[in-house]
Each structure stands twice: as structure tokens, then as C-alpha cells.
Amino acid sequence: MEVRAPGRWLLCAVAALAACALGDPASKSRSCGEVRQIYGAKGFSLSDVPQAEISGEHLRICPQGYTCCTSEMEENLANRSRAELETALQESSRALQATLATQLHGIDDYFQRLLNDSEHTLQDAFPGAFGELYTQNSRAFRDLYTELRLYYRGANLHLEETLAEFWARLLERLFRQLHPQLLLPDDYLDCLGKQAEALRPFGDAPRELRLRATRAFVAARSFVQGLGVASDVVRKVAQVPLAPECSRAVMKLVYCAHCRGVPGARPCPDYCRNVLKGCLANQADLDAEWRNLLDSMVLITDKFWGPSGAETVIGGVHLWLAEAINALQDNRDTLRAKVIQGCGNPKVNPQSLGPEEKLRRSKLALQERPPTGTLEKLVSEAKVQLRDIQDFWISLPGTLCSEKMAMSSASDDRCWNGIAKGRYLPEVMGDGLANQINNPEVEVDITKPDMTIRQQIMQLKIMTNRLRGAYGGNDVDFQDASDDGSGSGSGGGCPDDSCDRRVSKKSSSSRTPLTHVLPGLSEQEGQKTSATSCLEPHRFLLLFLLTQVFAAARPRWR
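Residues numbered from 1 in each chain as written. Predicted model: local features only at pLDDT ≥ 70, side-chain atom pairs only at ≥ 80, totals over all residues. Heavy atoms only, no water.

## Here we look at the layout of surface pockets
- Taken as a whole, the second largest pocket encloses approximately 540 Å³ of empty space.
- Surrounding the second largest pocket, 17 residues form its lining, W167, A196, E197, P206 and R207 being those nearest its centre.
- Counting residues per element, the ones that place at least two in the lining of the second largest pocket are helix 6 (159-178), helix 7 (186-199) and helix 8 (205-238).
- With 6 residues, the top contributor of residues to the lining of the second largest pocket is helix 6. (1 Å grid on protein atoms, 1.4 Å probe; cavity = no way out; pocket = protein on both sides within 12 Å on 5 of 7 lines; lining within 4 Å. Points joined across faces, edges and corners; volume = space filled by probe spheres on them. Helix = DSSP H or I, 4+ residues; strand = E, 2+ residues; numbered from the N terminus.)

Next up, the structure:
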């Protein structure tokens, strides 16, 4: 034996007719005084507001029973409700952008300060220790720091090649200075450069700096770039306009209670959530890649610590440079002999100004600065903030309902359900576009995702891949980071095969009827039902529907 519950449409229809036909008889003559006060307080002309309720056949959004709203009022309030939601969305977006910007500026400033301090230490210490070996080549050192800064800020530089070119140029210059009595033509210097890797004139410093700097700089810059990409995504998504279907649903949610003469009735919680889940369906689809990005950003901070961490390496570039020049001076005689062995004996320069001993030959010993704890504090705060905003997109409807929509504290007979004061019966929809296929409040076409948001989903995915590459010490180029389409082709930016899956879930007749109008009526037809429908004939229809409810609830034998 199976007990069949009455269909949801039947329950909703009964509830709607009960509110209409069996409601308070005095409602047809209620004063619109409270509505006048609220409408005037919003800056609208009171001449639009009737003194008492009128028939509502003219209404295009709100229920067409007796009403306190003229057509002009309904239009004004619809525009106001749309503007208020857009403002609320902008405020939420600005607050999130401000959070991300605070973290970005704090950590970015600290990394840049580390690099600046390293350069200042070099400029202060090297002239006294190395004399002309530094002063005649100071531009090469400045250029290195400039390129490191550019790389950190996102310039299209290959860091390993940049470092290799620096060491090659420096070797040529310093070898000339250490051996001024030798004539060293370009072809001889080319031979020197080709043997440099085997000769290791600077000791282990170039290799150590290359290995550590590439990992440290890519970790630091990818983290900061991740914060920037996240903020940019929020900004661009905030510019996506509300759909017309959303605007109608928000008007019904926020101000149709005023038109109905019950301005004190606050939206039922589940009703508000369904409206905003439908309005923000595309935004909720950011959730998965948004979480992936933030998780990857938290993970990359592991690369900030330790001897090879970003803090130690970025702040200690000058240490490897000093070590390199010390090694070159220590090995100058051995190096010269090996170069002559490999490249031949160069000619003596008759115009040499003096013996090589005139160059200062002192060593520089610099101490590594211990961490101050500043970066650790900044990163700890950032990680807390990143975890707090992980569910931003899917929690946005609930947040707006609670903080901006004056939602009722409970779903009971006193909240506004879109038609009258009474319980809201439909279930709350899931998150995301595909889950709005049966949304009873907002008609959402799940086959047409918003292209701006799809593009931002792709940007999140690309940045996540870049962070994952950075965790392994690799600098993944933005253009190579995506493992699927860029969104520029005819597919239009649906990751993987999600569009195909979503389209297949909906047929042309799959959307359920509106829950607050009679089954079988379209939305437009439901809105054309006049206030006179709440008269005597519908009392008989109500009795008929009640009979159907009881019949549907009876046990049936199979």
C-alpha cells in the first residue's frame, strides 16, 4: 500500500485561495496611511498613493488583489528594490575587495622592503670592502635588483636567464679588472664565458642563488598575484547586471507586501533565500574555483619560511653576491691559470696603468638578518582572512537576506511569502546555476550562463594552476596554465563538460508551475488574475480543491 501525498502545487494553490477568499473581510477597505508614510519617506510623491485600497488589475508584478499601489508606485518601487539590491551587492563586494587589498598591500610592501633593504646593505657595504671591483660595476648590481623587482611585480622575465646573464657580464668585467695587464678581446671573453660553468669562478654562490631565488621569488609573487586576481574577480563580478527576472522577483520580495497593505510583514527566510539564490545563481558557480584559489594561496605560504624561504632569500640577495666576489678574489690566480690553459695565453697590454695588486683585495663577511616576525604575523592574518571568505559566493544570498533584506526571524504565519502573510511552503534551492532549474521564484535559464562570470571562473583556475606550479618551484606562465579552453571560442567559457551536463537536465517543459498561482497558468496569466477572483465563485473552487487534497491523501491499494 502506498500513501500518496498531495502535490505541492495543490497545497500552494489551496494556501493562496484560502488567503484570498477566506481572508479578513475588512482588508478590502483598509487604509493606505502606513504605506503613504513609507512611500513618502523614500522621496516619492504622495500624489501617487491612494487613500484606501483599490482594485489591482493594473499591477504587473505584485498580486492583483486589493492594493495600495498604483502603476506608478509599482514601477517606482520596482526600480528602488533593484537599486537597493545592487547597492547591497556593491557594498559586499567592496568590503571583500578591501579585505583582499589590505592583505595584498601589507605582504607586498614587506617583500619589496626586504629587497630594498638588501640593495641598501649592498650599497653601504660593498664600496668599502671591494673598492673599484664594486664601484666600477655598481650599475650591473643596480640592474640586477631592478630586474628582480620587475620579476616580482609580474614582468615577463625568465629569472634563471636573468641571473645567468648577470653572472656572465660580471665575470667579464671583474676578470678584466683583476688582470688589467692582459689584452682580452671579445673572442677571448667568449671563451671565458663558455668555460665559466666548469671553472666556477664565483664558487657555489651563483648556483645557490639560482636555486633559492627562483623558488622564493615565484612563491612570493604568485601569492601576491593571487590576492590581486581574487580582488579583480570580485570587482568584475560586481559589475554584472541583474537579470530582468531577478528584478521582478526582488520587487515582489521587498515591496509587494506594501502594495498588499501589510508593509510590516517581513519576507519569509526560505522565500528570501530562493529569490537571491536565483538572482545570484551564476555568482555561486564561482565557489569551486574560488575555494581552490584560496586553498592554494594558503598552501604556498609554506614556502615563505626556512633557509630557502622567501623571507630569507629575498632579504639576503646581497649575501650571495658578497660570497661570489669573495670566491672570485680567492681563486683569481687559479682561475687565471685555468683560463689560459683553456683559451690560450692572451697578449700583454702595454698601456696597463699598473700591477693588479693596486686593486683592493679584502673580503666581506655579512651576517644574515634574523626574521623579525613581521611576515609571520602578516601571513597569519592573511590565512585567517582567506579561510573566512572561502564561502563568500554561496553564502551571499543568506548574508544579504539576513543583513539587507529585513528578513523575518522565523518562517511562520506572519511573514511575507510573496502573496500574503503566511507560511512559505516551497523548499530552498541548492547553490549554483544548475540547481535553479525548479526555482519557484526566479525563472532562470540554466542553458545560458553569464559569460563575464565564466571568464572570471577561468581566471581563478589559471591563477590556481600558477600557484600550484609555484609550490613546486616552477614559474607557470598564465597563458600555459589552463588545461582546457580559454573561453574565447564558441564554447563560451564553460569549464569541462559542465554546460553539456546542465543543458541535458532541462527540457522545454521542465520548469514547475509558479507556486503562488493556480496550476496550469503561466506567470503572465497568473498576474492577470484580477482582484475579483477573490469572490464567491472561488469559494466553490476552494471546496473542490480541498476535496482533492483529502482524496490524494487517502491510502490507495496497488
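## Quick look at the side chain of S92
- Mapped onto the elements of the fold, S92 is located in helix 3 (residues 71-130).
- For S92, the contacting residues outside a window of four places in its chain are F392, L396 and L400. (Contact = heavy atoms within 4.5 Å.)

## Considering the packing of aromatic side chains
- Summed over all chains, the structure comprises 15 aromatic pairs.
- Seen from their ring centres, F141 and F166 are 5.7 Å apart, and the 70° between their planes marks the pair as edge-to-face. Remark: F166 occurs in helix 6 and F141 occurs in helix 5 (residues 138-152); sequence separation between them is 25 residues.
- We classify F141 as buried; its relative accessible area is 1%.
- Summarising the aromatic geometry, the rings of W290 and W393 are spaced 5.7 Å apart at their centres and angled 85° between planes, so their arrangement reads as edge-to-face. Separated by 103 residues along the polypeptide, W290 in helix 13 (residues 287-300) and W393 in helix 18 (residues 392-403) bring together distant segments of the chain. By the burial criterion, W290 is buried, and W393 matches it.
- If you follow R221 out to its NZ or CZ, it ends over the ring of Y151, 4.0 Å from the centre.
- Stacked on the ring of Y471, the Lys or Arg K303 has its end atom at 4.4 Å from the ring centre. (Phe/Tyr/Trp six-rings, centres within 6.5 Å; stacked < 30°, edge-to-face > 60°. Buried < 20%, exposed > 50% of the residue type's maximum accessible area, 1.4 Å probe, protein only. Lys NZ or Arg CZ within 6 Å of the ring centre and 35° of its normal.)

## Here we look at the environment of A288
- Take A288: it is sitting in helix 13.
- Sequence-wise, A288 and W393 are 105 residues apart; in three dimensions their C-alpha atoms are separated by 9.6 Å.

## Topic: the state of the cysteines
- According to the stated counting rule, one finds 7 disulfides in the structure shown.
- Each sulfur in the disulfide pair C268 and C415 lies 1.9 Å from the other. On the sign convention where negative means left-handed, the S-S torsion of about 90° between C268 and C415 marks this disulfide as right-handed. In this pair, C268 sits in the loop between helix 10 (256-259) and helix 11 (269-279) while C415 sits in the loop between helix 18 and helix 19 (451-471), placing the two residues 147 residues apart along the sequence. This pair shows no difference in class: C268 is buried, exactly as C415 is. (Disulfide = S-S within 2.5 Å.)

## Topic: helix 2 (residues 33-41)
- All of the buried residues in helix 2 are V35, R36 and Y39. When helix 2 is viewed along its axis, its buried side chains cluster within an angular range of 105° and face the same direction. In helix 2, those exposed residues whose orientation departs by more than 90 degrees from the buried face are Q37 and A41. (Arc of directions from axis to C-beta.)

## Notes on a negative patch on the surface
- Taken together, the side chains of E172, D186, D187 and D190 make up a negatively charged region of the molecular surface.
- Top element by residues in the negative patch is helix 7. It accounts for 3 residues.
- Take D186: its relative accessible area is 58%, and that puts it in the exposed class. (Patch = residues over 30% accessible without salt bridge, like charges linked within 9 Å, V, L, I, M, F, W, Y side chains within 5 Å. Areas by Shrake-Rupley, 256 points an atom, 1.4 Å probe, with all protein chains shown as cover. Salt bridge = Lys/Arg side-chain N within 4 Å of Asp/Glu carboxyl O. Lys, Arg positive; Asp, Glu negative; His and termini not counted. Charge placed at Lys NZ, Arg CZ, Asp CG, Glu CD.)

## Considerations on the nonpolar core
- Counting 142 residues, the largest nonpolar core has F111, F126, F217, W290 and L321 as the members making the most contacts within it.
- Ranked by residues supplied to this core, first place goes to helix 3 with 19 residues.
- Discounting chain neighbours no more than four positions away, the residues touching W290 are L96, L100, A230, V234, I389, Q390, F392, W393 and L460. (Core = buried A, V, L, I, M, F, W, Y, C linked by side-chain atoms within 4.5 Å.)

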